[in-house]
Amino acid sequence: MKFSGFKVVKEALTGHKGWTPLWRNPEPKPAYDIVIVGGGGHGLAAAYYLAKTFGKLNIAVLEKGWIGSGNAGRNTTIIRSNYLLPGNQPFYEFSMKLWENLEQDTNFNSMVSQRSIINLIHSDGQRDAFRRRGNAMMISDAGARLLSREQLKDMVPFLNFDNARFPIKGGLMQTRAGTARHDGVVWGYARGADMRGVDIIQNCEVTGFKIEDGRVLGLETSRGFIGAKKVGVSVAGSSSRVMAKAGMRLPIESHVLQAFVSEGLKPTIPGVITFGAGHFYVSQSDKGGLVFGGDIDGYNSYAQRGNLPVVEDVVEGGMALMPMIGRARLLRGWGGLLDMSMDGSPIIDKTHIDGLYLNAGWCYGGFKATPASGYAFAHLLATDTPHETATAFRMDRFNRGYVIDEKGVGAQPNLH
Ligand SMILES: Cc1cc2nc3c(=O)[nH]c(=O)nc-3n(C[C@H](O)[C@H](O)[C@H](O)COP(=O)(O)OP(=O)(O)OC[C@H]3O[C@@H](n4cnc5c(N)ncnc54)[C@H](O)[C@@H]3O)c2cc1C
């Protein structure tokens, strides 16, 4: 079923009887050429590009719950390509270009909205750092604008420019950044993969790997053994637990990150705004709710819920920036499970086990990477070579000392 304006009108006039489910609900086959573990955005995108771009047809995605039940359906939906380091910037810019064409590509409304991002500047040193970042962005064609305090006052006059501790001195803007509807991204990739024959198998938890003579032969699952020539693991916050079943210890810690939504307000915030003197980022959803988040909870956990001290910390950040939000009521909050790598950058790589591949380490920022991560993982699984924008995301970089430390804080996963 292809979506189009014509189809919407036809269904409206004929009682909406022609809509079909977006994907099938197949029983697992005994074996596949490629099995992806994890039905989040990254796993489904990898399956989609494997089928569409690399012509692989015998593929399954195994998801222990329902697709999008992990971080893909829990994030604050920010997409951007405003990175600094050469290992990262071209990859995230590749992702942004895929976002820009995603809805046409998947024929699904993922509500990609390039409403811009502004990173606020609060000191002269920060302006220097952001100027440098902006130059790196321009080198990779991502586009960047350095805004003065006066320009910002015209654009977002409601900010607390004269906060005594954190005065706002300017901002770095990427106009092509914005938000996308996270569930819409999951469903779009799932539908596109399913249409091309990929089996999406929900309620199927991977409980073990069958490995013989250094080669993966398949997976033990809650729905029986499933054979596989190649296995790609893309389970985000569960990466350490799943890869431990293959005998691997990853340079990753799992932490909780919370997100929040306020009651619906009149349109106020034009794009995404980030506080530069603390950790707080906010946008406004199409329904009017302020969608915001801040720091991780700060302890290792596999729970998809957080604690109150961080709620207070995040809201304080918001109040420092926009005191008027103190009058809005908080409607909802939830937590997700982050795969924090030691340098804050991801891993898309083969493992030492033949046929076993890993996609992990997305920290706070994997939603924006979904298209490029899926594409690069598909490239690796199909060709056994890394995609040109993902050559730096090797696991052995931690041994070799070639870390991609975008934040410059060292091997401290809780600080990235
Ligand atoms: C609160 C919050 C806010 C965020 N905000 C942003 C943001 O604004 N911008 C941004 O770029 N990023 C953001 N992120 C990060 C982003 O959401 C993640 O990095 C990204 O979604 C991870 O990739 P994924 O979608 O594939 O993960 P997930 O959706 O978590 O997918 C992994 C899947 O693997 C499944 N799984 C786990 N174990 C098994 C098993 N044994 N067998 C089978 N399946 C298994 C899980 O059920 C899950 O569905 C945020 C994250 C959180 C939690």
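In the block above lies the structure referred to throughout.
Let us look at the structure shown here.

Conventions used here
Residues numbered from 1 in each chain as written. Predicted model: local features only at pLDDT ≥ 70, side-chain atom pairs only at ≥ 80, totals over all residues. Heavy atoms only, no water. Helix = DSSP H or I, 4+ residues; strand = E, 2+ residues; numbered from the N terminus. Rg over C-alpha atoms; globule rule 2.2 N^0.38 Å. Buried < 20%, exposed > 50% of the residue type's maximum accessible area, 1.4 Å probe, protein only. Contact = heavy atoms within 4.5 Å. Lys, Arg positive; Asp, Glu negative; His and termini not counted. Charge placed at Lys NZ, Arg CZ, Asp CG, Glu CD. Patch = residues over 30% accessible without salt bridge, like charges linked within 9 Å, V, L, I, M, F, W, Y side chains within 5 Å. Areas by Shrake-Rupley, 256 points an atom, 1.4 Å probe, with all protein chains shown as cover. Salt bridge = Lys/Arg side-chain N within 4 Å of Asp/Glu carboxyl O. Core = buried A, V, L, I, M, F, W, Y, C linked by side-chain atoms within 4.5 Å. Near = heavy atom within 4 Å. Polar contact = N/O pair within 3.5 Å; in protein donor to acceptor, adjacent residues only side chain to side chain. Phe/Tyr/Trp six-rings, centres within 6.5 Å; stacked < 30°, edge-to-face > 60°. 1 Å grid on protein atoms, 1.4 Å probe; cavity = no way out; pocket = protein on both sides within 12 Å on 5 of 7 lines; lining within 4 Å. Points joined across faces, edges and corners; volume = space filled by probe spheres on them. Nonpolar A, V, L, I, M, F, W, Y, C, P; charged D, E, K, R; others polar.

So, on to the overall build of the chain. Counting its regular elements, the chain contains 11 helices and 18 strands. Taking 2.2 N^0.38 as the reference for a compact globule, 416 residues should give roughly 22 Å; the C-alpha atoms of the chain span a radius of gyration of 21 Å, in line with that estimate. By principal-axis analysis of the C-alpha atoms, the chain measures approximately 65 × 65 × 40 Å. Looking at the chain residue by residue over its 416 residues, the buried ones come to 55%. Once local pairs closer than 6 in sequence are excluded, the contacts in the chain between residues at least 24 apart make up 74%. Measuring between centres, the 46 positive side-chain charges of the chain sit 4 Å from its 38 negative side-chain charges.

Moving on to a nonpolar patch on the surface. A cluster of nonpolar side chains, contributed by Met-1, Val-8 and Trp-19, occupies part of the molecular surface with about 250 Å² of accessible area. Topologically, Val-8 is positioned in helix α1 (residues 5-13). Residue classification places Val-8 among the partly exposed positions, given a relative accessible area of 47%.

This part covers the nonpolar core. Within the largest apolar cluster, 58 residues are counted, with the highest numbers of intra-cluster contacts made by Tyr-49, Phe-91, Trp-99 and Ile-348. Of all the elements in the fold, those that place two or more residues in this core are β1 (31-37), α2 (41-52), β2 (59-62), β3 (78-79), α3 (89-100), α7 (182-195), β16 (330-341) and α10 (370-383). Excluding residues that lie within four positions of it along the chain, Phe-91 makes contacts with Ile-348, Trp-362, Ala-369, Ala-372, Ser-373, Ala-376, Thr-389, Ala-390 and Phe-393. Within the second largest apolar cluster, 28 residues are counted, among which are Val-206, Met-248, Ile-252 and Ile-353.

What follows covers the site of the ligand. The environment of the ligand is formed by 37 residues, the closest being Glu-63, Ala-72, Thr-76, Tyr-364 and Lys-368. At 3.0 Å from an oxygen atom of the ligand is found a main-chain nitrogen or oxygen belonging to Gly-41. At 3.0 Å from a nitrogen atom of the ligand is found a main-chain nitrogen or oxygen belonging to Ile-78. Computed on the free molecule, the ligand has an accessible area of 1000 Å², of which 96% lies beneath the protein chains in the complex. Listing elements by their share of the shell around the ligand, those giving two or more residues are α2, β12 (252-264) and β16. Broken down by element, the shell around the ligand gets its largest block of residues, 3 residues, from β12.

Here the focus is the packing of aromatic side chains. Where two aromatic rings form a pair, the distance of their centres and the angle of their planes describe that pair. Per the counting criterion, the structure on display carries 16 aromatic pairs. Centre to centre, the rings of Tyr-49 and Tyr-375 are 5.1 Å apart; their planes meet at 55°, and the pair counts as tilted. A residue pair is termed long-range when its members are at least 10 positions apart, and Tyr-49 in helix α2 and Tyr-375 in helix α10 qualify at 326 residues. Considered together, Tyr-49 and Tyr-375 belong to a single accessibility category, that of buried residues. Here Phe-91 and Phe-393 contribute two aromatic rings whose centre-to-centre distance is 4.9 Å and whose plane-to-plane angle is 85°, an arrangement assigned as edge-to-face.

Attention now moves to the pattern of salt bridges. This model, assessed by the stated rule, comprises 22 salt bridges. The salt bridge partner of Lys-229 is Asp-33, with a shortest N-O separation of 3.1 Å. On the criterion of sequence distance, the pair formed by Lys-229 in strand β11 (residues 224-233) and Asp-33 in strand β1 is long-range, its members being 196 residues apart. Notably, a salt bridge pairs Asp-124 with Lys-169, separated by 3.7 Å at the nearest N-O pair. Taken together, the positions of Asp-124 in helix α5 (residues 124-139) and Lys-169 in the loop between α6 (149-155) and β6 (170-174) put the pair 45 residues apart, joining distant regions of the chain. With a relative accessible area of 45%, Asp-124 lands in the partly exposed category. One continuous salt-bridge network, built from bridges that share partners, spans Glu-93, Lys-97, Glu-100 and Arg-176.

Glancing now at the layout of surface pockets. Its boundaries defined by the atoms lining it, the second largest pocket holds a volume of some 570 Å³. Around the second largest pocket sit 26 residues that line it, and Arg-181, His-182, Ser-285, Lys-287 and Val-291 are the ones nearest its centre. Partitioning the lining of the second largest pocket into residue classes produces 6 nonpolar, 13 polar and 7 charged.

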